[in-house]
Each structure stands twice: as C-alpha cells, then as structure tokens.
Amino acid sequence: MFFEKDSLWVAAGDSITEGGRNMNAKVWDADVLGSGFVYFLNAALTGFFPEKKIRVINRGVGGDTSSQLLARWKDDVLSLRPDYLSLMVGINDVWRHFDSYGVPEELISIEQYAENCRQMIETALPVVKKIWVMPPFMFECSLEDAMCRKVREYAEVLSALASELNVPCVDLQSAVDKALKSRHSCVFSADRVHPNAAGHMILAGELWRFFTQQD
C-alpha cells in the first residue's frame, strides 16, 4: 500500500469515474463520491486503513473526452494538489466516432487522444508522487464489433504512452474480459460502457490489487 498518512488521491476521468456523483455536493455529503469504484475504494481505504486518514476526491465528469478533461485539468484537478492521481479517459473519444457523425468537430483522432493524454500526464508528473492511467475498456470481447476494436486501439495507445513515460498502467479490460467468460455483459453493464454495481466492483477489485501490491 503506497498511500501515506493524510495523503490525497484525486480520481480524474469521465462518467465511469464520476459514478453518478453529485457535482454540487459538499465534502460531507454521502453522494460526493458517487456510487462507483471511487466510492468502493474510498470505503475500503477508510475501513481497512483508518489510521492513514487517506482522502479521496472524485473529479470524474460524465461525457468528457480527453480534450474536455485536458481543458479542466489544471483548474479542476491539479489545483487540488493531489499526492496521487488516476487518469481514466478515452471511452467518449471512441464513442463520438459512432454517435456523432454529424458533429465532426467532436471527433478526436487517436493521435489527438495520445497528445491530450501526454499533456495531462507530463504536467502532473512534477507535482504528484504517483500518477497511474487506466486505458478505456468495454464490456465486450468480440473484435468483430467495430466499437470494441476501436476502444482497444485507443487503449493500446495509452498503454504505450504510459510505458514511454514510466507511469503505471492498470489493465481493466483484462479483468472485464475474465468476468465475461462466465457471465453476459448485461450482468455488468446495460450499455457495455457504463458499469453497474457489479461492473464497478470489477474495477475496484483490480485497482485494490494495484494499491496493495505496490510499494
């Protein structure tokens, strides 16, 4: 477990990170962290390591592409002065290629996605103790599905960037694929993108292994 006492983890991303959080909630409100993997992990960190007094802030915003997250990166994320920072973004960069044909200015190429993520990671590295990335994933295994193929292409780009910049990369797609060998995607997600409670538990479990296996 790498979190020190009184350390702050900021989770930045899109709706999967947001997990239905109340954007106007105060720090003491029950829905300030949403009901997804950030909520589950905060509960685990608090319950299992109460003496560390680890703080968690959710900065997921539904619908965000990497360009939108980059636009708020400094003011909404880095301004919180996190000790630890997670970056999960990319699914909307892909999704817009399938649901926004009439809005070409919203389509983010894989090259632009890589550049956006590079800027976020490189600006964070000097000011945080650790940043880790979580490439986009989907509750779908079939590469015959066009969106599934593109998600994995974007994920490979972020994974390669993480390797280049020497930052940890948590492979959530592998954990999802393992679950899909036993149960249909509808058990974990209604639209193959947004996890339900069981889907978020897969993410939380994989991240918990990352937390507890790191020095």
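Below, the structure is looked at part by part. Bear in mind the structure is a predicted one, so any value in this text is a computation, not a measurement.

## What about helix 3 (residues 66-77)?
Here is step 1: For helix 3, with twelve residues, the first-to-last C-alpha span of 13 Å runs short of the 16 Å given by 1.5 Å per residue.
Here is step 2: On the buried face of helix 3, the contacting elements are strand 1 (8-13), strand 2 (55-60), strand 3 (84-88), helix 4 (91-99), helix 5 (110-124) and strand 4 (130-133).

## Comments concerning the sheet that holds strand 3
Here is step 1: The parallel open sheet is built from four strands, whose spatial order is 2-1-3-4. Each edge of the open sheet carries a strand with a single partner, namely strand 2 and strand 4. Between one strand axis and the next, the sheet turns by 15° as a mean value, whatever way the strands run.
Here is step 2: Bridge analysis of strand 1 against strand 2 gives six bridges, and the strand direction is parallel. Looking at the pairing, Trp-9 lines up with Val-56 of strand 2.
Here is step 3: Across the sheet, helix 2 (residues 37-48) touches strand 1, strand 2 and strand 3, and the angle it forms with strand 2 is around 175°.

## Points about the pattern of salt bridges
Here is step 1: Tallying each qualifying case throughout the model produces eleven salt bridges.
Here is step 2: One salt bridge connects Glu-4 with Lys-129, and the closest N-O pair in it is separated by 3.4 Å. Taken together, the residues Glu-4 in the segment before strand 1 and Lys-129 in the loop between helix 5 and strand 4 connect sequence positions 125 residues apart.
Here is step 3: Here Lys-129 falls in the exposed class, since its relative accessible area comes to 54%.
Here is step 4: Two residues, Asp-99 and Arg-96, come together in a salt bridge whose shortest N-O distance is 2.9 Å. Of this pair, Asp-99 and Arg-96 both sit in helix 4, three residues apart, which is roughly one turn of that helix.
Here is step 5: Residues participating in the shared-partner salt-bridge network are Arg-59, Asp-64, Arg-72 and Asp-76.

## Digging into helix 6 (residues 146-165)
Here is step 1: Between its first and last C-alpha atoms helix 6 spans 29 Å; for 20 residues at 1.5 Å apiece the expected length is 28 Å, and the two agree.
Here is step 2: Residues Met-147, Cys-148, Val-151, Tyr-154, Ala-155, Leu-158, Leu-161, Ala-162 and Leu-165 constitute the buried set of helix 6. End-on, the buried residues of helix 6 take up no more than an arc of 145°, which puts them together on one face. Exposed side of helix 6, more than 90 degrees from the buried face: Glu-156, Ser-163 and Glu-164 are the residues found there.
Here is step 3: Where helix 6 is buried, its residues contact helix 4, helix 5, strand 4 and helix 7 (172-180).

## Focus: the packing of helix 2 against helix 8 (residues 197-213)
Here is step 1: At a minimum axis separation of 8 Å, helix 2 and helix 8 run at an interaxial angle of 45°. Accordingly, the angle class assigned to the pair helix 2 and helix 8 is oblique. In this structure, helix 2 crosses over helix 8, and the sense of that crossing is right-handed. Contacts between helix 2 and helix 8 pair Phe-37, Phe-40, Leu-41, Ala-44, Leu-45 and Phe-48 from the former with Ala-197, His-200, Met-201, Leu-203, Ala-204, Leu-207, Trp-208 and Phe-211 from the latter.

Scoring rules and cut-offs
Residues numbered from 1 in each chain as written. Predicted model: local features only at pLDDT ≥ 70, side-chain atom pairs only at ≥ 80, totals over all residues. Heavy atoms only, no water. Helix = DSSP H or I, 4+ residues; strand = E, 2+ residues; numbered from the N terminus. Expected span 1.5 Å × (residues − 1). Contact = heavy atoms within 4.5 Å. Pairing = 2+ DSSP bridges. Axes fitted to C-alpha atoms, helices over the stretch in contact; angles between N-to-C directions. Salt bridge = Lys/Arg side-chain N within 4 Å of Asp/Glu carboxyl O. Buried < 20%, exposed > 50% of the residue type's maximum accessible area, 1.4 Å probe, protein only. Arc of directions from axis to C-beta. Parallel < 35°, antiparallel > 145°, perpendicular 65-115°, else oblique. Left-handed = near helix turned anticlockwise from the far one by under 90°.

These figures capture arrangement, not role.
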